[in-house]
Amino acid sequence: MVFENNDVMPALGLGTWQAPRGEVGQAVLEAIRCGYRHIDCAAIYGNEKEIGEALKSVLDAGEVRREELWVTSKLWNTRHKQADVIPALKKTLADLQLEYLDLYLIHWPVAQDSSTQPPSLVPLEQQPIADTWLGMEACLGAGLTRHIGVSNFSIKKLKKLFETAQHQPEVLQVEMHPLLAQNELVAFCEVEKIYLTAYSPLGRPGSSEVPDSAPSLFDNPIVANIANQHGCTLAQVLLAWAMERGTAPIPKSTNAKRLKENFASQNIALTSSDMVNLNSLDCHYRFVDGSFWTPPGSPYNLQNLWDE
Ligand code: A2P
């Protein structure tokens, strides 16, 4: 994925959501040693310091140069005030031991006030995204990040952001896998020249947070059949599907074998009939449905969060 300034975001990244402290540093080291050059982080994951130690060790040892790495992080909900954005990014940079990020994203279109415990949910009318975006643009102007974007935004929220943005968002990160293909969003982003990164591209296998009633991509005969035909794993099929449609999947793993397996998905060439079969699985199923932003009394509900 090549940006206007010729920066390149590698099409496959390492996700670090729910990569626990004590494991994530080693996973980042192993990932970089097996060829990953794109690491997806966020302040709220609580593991940026350990990731920073790992990055420092490979950079200091000359195993990789900074300009060969693509590092993303995300602004948390409690730092949406324009004046809070640069300080939040500076904290992330200090934790990651980096001078600049490649990409900084607004993590959720949700604002929270950290002066209360737990932080209260603040309506977007009170803390508008347009104000937060001014802070994001200031980060860009200060050279603290090379690109800015958003995460978990709908087409409607992107269009609203376009109305005030001086600098358009360059990347959108959303949950995306064959059960949640979001074809309309993919088409919209193509027209608007916004690259898409796909989180939870494997559909969160084995997560205790996923209800038993949820569909599983790993039990799916269509995915299994394609994996058989290519002599590869189901995970590799899912990642190849994401890349084939021009999106950048960021599977999380802290397991050395699965890190390699996921990276090798770049060698799998799905056929157009594989893509048709995988596209038939779309049922708009969200594993991360955002219901944690909708407790009683919240200004957010699933309708105004996703605009659908
Ligand atoms: P682990 O870290 O033990 O490898 P997603 O990115 O869709 O949210 O999925 C992340 C989950 O998928 C993690 O629990 C991760 O566990 C697991 N996982 C990552 N890669 C693979 C793989 N190749 N095969 C099976 N499970 C995987």
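First, a word on scope: everything that follows refers to the structure included in this document. Just so you know, these numbers come straight off a predicted model, no measurement behind them. (Residues numbered from 1 in each chain as written. Predicted model: local features only at pLDDT ≥ 70, side-chain atom pairs only at ≥ 80, totals over all residues. Heavy atoms only, no water.)

## A look at unusual backbone geometry
Trans is the common state for peptide bonds, and a negative phi is the common state for residues other than glycine. Inclusion rule: Here a strand is any run of E in DSSP of at least two residues, a helix any run of H or I of at least four, and the numbering for each starts at the N terminus. Here's how the labels work: a residue is buried when its accessible area is under 20% of the maximum for its type, exposed when over 50%, partly exposed in between, all with a 1.4 Å probe on protein chains only.
Omega for the bond connecting Gln 117 with Pro 118 falls within 30 degrees of zero, at -5°, which places this linkage in the cis form. Positionally, Pro 118 belongs in the loop between β5 (111-113) and β6 (120-122). One non-glycine residue, Gln 18, adopts positive backbone phi at about 65°. Following the sequence through the fold, Gln 18 ends up in the loop between β1 (14-15) and α1 (24-33). For Gln 182, which is not a glycine, the phi torsion comes out positive at approximately 50°. Take Gln 182: it is sitting in the loop between β8 (171-175) and α6 (183-192). Exposure remark for Gln 182: the relative accessible area of 10% places this residue in the buried category.

## As for the nonpolar core
How we decide: Nine residue types can take part in a nonpolar core, namely buried Ala, Val, Leu, Ile, Met, Phe, Trp, Tyr and Cys, and a core is a set of them joined through side-chain atoms within 4.5 Å. When checking whether two residues touch, look at their non-hydrogen atoms; a contact exists if any pair is within 4.5 Å.
Grouped together as the largest cluster of nonpolar side chains are 91 residues, with contacts concentrated most on Val 28, Leu 55, Tyr 104, Trp 108, Leu 158 and Leu 172. In terms of residues, this core owes the most to one element, helix α8 (residues 234-244), which gives eight residues. Aside from chain neighbours lying at most four places away, what touches Tyr 104 is Ser 73, Lys 74, Leu 75, Val 85, Ala 88, Leu 89, Met 136, Cys 139, Thr 145, His 147, Ile 148 and Gly 149.

## Quick word on the site of the ligand
Keep this limit in mind: Near is defined per residue: the residue qualifies when any heavy atom it owns lies within 4 Å of the molecule or strand. For this analysis, a polar contact is any N or O atom pair within 3.5 Å, provided that within protein one partner can donate a hydrogen and the other can accept it, and provided that sequence-adjacent residues contribute only side-chain to side-chain pairs. Every accessible area reported is derived by Shrake-Rupley at a probe size of 1.4 Å, with residue values counting cover from the shown protein chains alone. Using a grid of 1 Å spacing that covers the protein atoms alone, one calls a set of points a cavity when a 1.4 Å probe fits there but cannot get out, and a pocket when the set is open and has protein on both sides within 12 Å along at least five of seven lines; lining residues are those with an atom within 4 Å of a point. Placement in a cavity or pocket follows one criterion, namely that more than half of the molecule's atoms lie within 2 Å of its grid points. Charged means Asp, Glu, Lys or Arg here, nonpolar means Ala, Val, Leu, Ile, Met, Phe, Trp, Tyr, Cys or Pro, and polar covers whatever is left, Gly included.
Near the ligand, the surroundings consist of 16 residues, among which Leu 202, Lys 252, Ser 253, Arg 258 and Asn 262 are the closest. One nitrogen or oxygen atom from the main chain of Pro 201 is found 3.5 Å from an oxygen atom belonging to the ligand. Ser 253 places a polar side-chain atom, nitrogen or oxygen, 2.6 Å from an oxygen atom of the ligand. Considered on its own, the ligand offers 570 Å² of accessible surface; in the complex 81% of this is hidden by protein. Judged by its atoms lying within 2 Å of the grid points, the ligand is housed in the largest pocket. Per-class residue counts for the shell around the ligand are six nonpolar, six polar and four charged.

## A short note on the sheet that holds strand β2 (residues 38-40)
Backbone hydrogen bonds are what pair the strands of a sheet, in a parallel or an antiparallel way. Our working rule: Two strands form a pair only when DSSP identifies at least two bridges running between them.
In space, the eight strands of this open sheet follow the order β1-β2-β3-β4-β7-β8-β9-β10, with parallel pairing throughout. Both edges of this open sheet fall to β1 and β10 (248-249), since each of them pairs with a single strand only. Inspection of the sheet shows β1 paired to β2 by two bridges, in the parallel sense. Directly across from Gly 15, in β2, lies its bridge partner Asp 40.

## Let's talk about the packing of aromatic side chains
To describe a pair of aromatic rings, you give the distance between the ring centres and the angle between the ring planes. This is how it is decided: Aromatic pairing here means that ring centres of Phe, Tyr or Trp (its six-membered ring) are within 6.5 Å. Orientation follows from the plane angle: under 30 degrees is stacked, over 60 is edge-to-face, and everything else is tilted. Distance and angle both matter: a charge sits over a ring if NZ of Lys or CZ of Arg is within 6 Å of the ring centre and within 35 degrees of the ring normal.
According to the stated counting rule, one finds 10 aromatic pairs in the structure shown. An angle of 80° between the planes, with centres 5.1 Å apart, marks the rings of Phe 292 and Trp 293 as edge-to-face. Grouping aromatic residues by their ring pairs yields a cluster made of Trp 76, Trp 108, Phe 292, Trp 293 and Trp 306. Here the basic side chain of Arg 66 rests over the ring of Tyr 100, its NZ or CZ set 4.0 Å away from the ring centre. Over the face of the ring belonging to Trp 306 we find Arg 286, whose NZ or CZ atom lies 3.7 Å from the ring centre.

## Observations regarding the state of the cysteines
Operational definition: Any cysteine sulfur atom paired with another within 2.5 Å is treated as part of a disulfide.
Tallying each qualifying case throughout the model produces zero disulfides. Unpaired in this structure, Cys 34 has its nearest cysteine sulfur neighbour in Cys 41, at a distance of 16 Å. Using a relative accessible area of 22% as the deciding quantity, one classes Cys 34 as partly exposed. Between Cys 139, a cysteine without a disulfide, and Cys 41, which holds the nearest cysteine sulfur, the sulfur-to-sulfur distance is 16 Å.

## Topic: the layout of surface pockets
Stated formally: Grid points are joined across faces, edges and corners, and a volume is the space filled by probe spheres set on the points.
Here the largest pocket defines a volume of roughly 720 Å³. Forming the boundary of the largest pocket are 39 residues, of which Trp 17, Gln 18, Ser 200, Arg 204 and Lys 252 lie nearest the centre. Split into classes, the residues belonging to the lining of the largest pocket amount to 16 nonpolar, 16 polar and seven charged.

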